[in-house]
Amino acid sequence: MFRNIARADREVRAGEWRREANRGEEIGGKTIGLLGYGHMGKAFARRLQAFDCTVLAYDHDPRVEANHHATLVSLPELQARAEVLSVHIPYSPANHHFVNEEFLAGFRQPLWLLNTARGEVLDHAALVQRLQTGQLRGAALDVLENEKLATLSPEQQAWFAYLAAAPNVVLSPHVGGWSFQSYERINTVLVRKLREFLAGKLPAASGVAE
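Residues numbered from 1 in each chain as written. Predicted model: local features only at pLDDT ≥ 70, side-chain atom pairs only at ≥ 80, totals over all residues. Heavy atoms only, no water.

Student: Any details on the pattern of salt bridges? Residues and values, ideally.
Tutor: Scanning all chains against the criterion turns up nine salt bridges. One salt bridge in this structure joins arginine 18 and glutamate 11, with 2.6 Å as the shortest N-O distance. Given the relative accessible area of 11%, glutamate 11 is considered buried. Between aspartate 61 and arginine 63 there is a salt bridge; the shortest N-O distance is 3.0 Å. Residues joined by salt bridges that share partners form a network here, namely Glu25, Lys30 and Arg137. (Salt bridge = Lys/Arg side-chain N within 4 Å of Asp/Glu carboxyl O. Buried < 20%, exposed > 50% of the residue type's maximum accessible area, 1.4 Å probe, protein only.)

Student: If you had to explain the pairing of strand E6 (residues 136–141) to someone new, which residues and values would you point to?
Tutor: Burial within E6 is extensive, with five of its six residues counted as buried. Across five bridges, the pairing between strand E5 (residues 111–115) and E6 is parallel. If you follow leucine 114 over to E6, its bridge partner there is alanine 140. Here E6 runs beside strand E7 (residues 169–171); their pairing, made up of three bridges, is parallel. Bridging from a neighbouring strand, alanine 139 pairs with valine 169 of E7. Note that the unit made of E6, helix H6 (residues 154–165) and E7 has a crossover that is right-handed. (Helix = DSSP H or I, 4+ residues; strand = E, 2+ residues; numbered from the N terminus. Pairing = 2+ DSSP bridges. Right-handed = clockwise from strand over helix to strand, strands pointing away.)

Student: Please set out a nonpolar patch on the surface residue by residue, giving values where relevant.
Tutor: A cluster of nonpolar side chains, contributed by Val175, Trp178, Tyr183 and Ile186, occupies part of the molecular surface with about 430 Å² of accessible area. The topology assignment puts valine 175 in the loop between E7 and helix H7 (180–198). (Patch = residues over 30% accessible without salt bridge, like charges linked within 9 Å, V, L, I, M, F, W, Y side chains within 5 Å. Areas by Shrake-Rupley, 256 points an atom, 1.4 Å probe, with all protein chains shown as cover.)

Structure below.
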């Protein structure tokens with residue numbers, strides 16, 4: 001998203017060589033805000049350490065502990081300082097459209113937004129509105145509110161059409177963590193938990209889907 005890779009790829013394939021028009025941004029020096037600091041938030045923060053940026057994280061769960069990869073801050077501080085917001089919260093009824101018009105309006109400076117968590121935590125109508133006004137500089141979406149594209153409602157079709165045509169939006173089909181290697185790891189963990197459960201090492205209430 002920062003380096004206009006998707007747009008530049010389309011242009012070069014079409015015979016256009018627009019180097020200056022695709023001058024990009026660097027991650028270094030920017031303040032990255034993480035919404036949610038569980039396993040995935042921490043994994044992303046660890047990878048960001050190589051890019052010489054400031055990493056802030058907010059999590060509503062008081063049990064979440066800080067580490068040296070990010071500084072835990074309040075939500076108002078995250079909104080005041082972040083230049084990039086990466087979403088790492090799970091979906092629940094309480095989190096439905098957590099990132100909405102009011103939430104996005106709380107950020108003090110133009111924002112890049114990334115969502116590799118769950119599509120339903122982001123109000124896509126609010127996302128489109130903020131992209132149109134320029135308050136959002138760009139969005140990278142690995143998940144959508146409705147990923148069954150053949151079943152989009154008229155309202156969903158409207159925002160999807162905008163996102164699909166926008167030059168500052170990158171879309172991918174929920175593949176952020178989906179690789180041959182991750183699929184093997186998932187099955188390895190599942191087999192281990194099944195063995196532990198059958199050996200009586202896991203309580204029945206936890207099951208094998210942890």
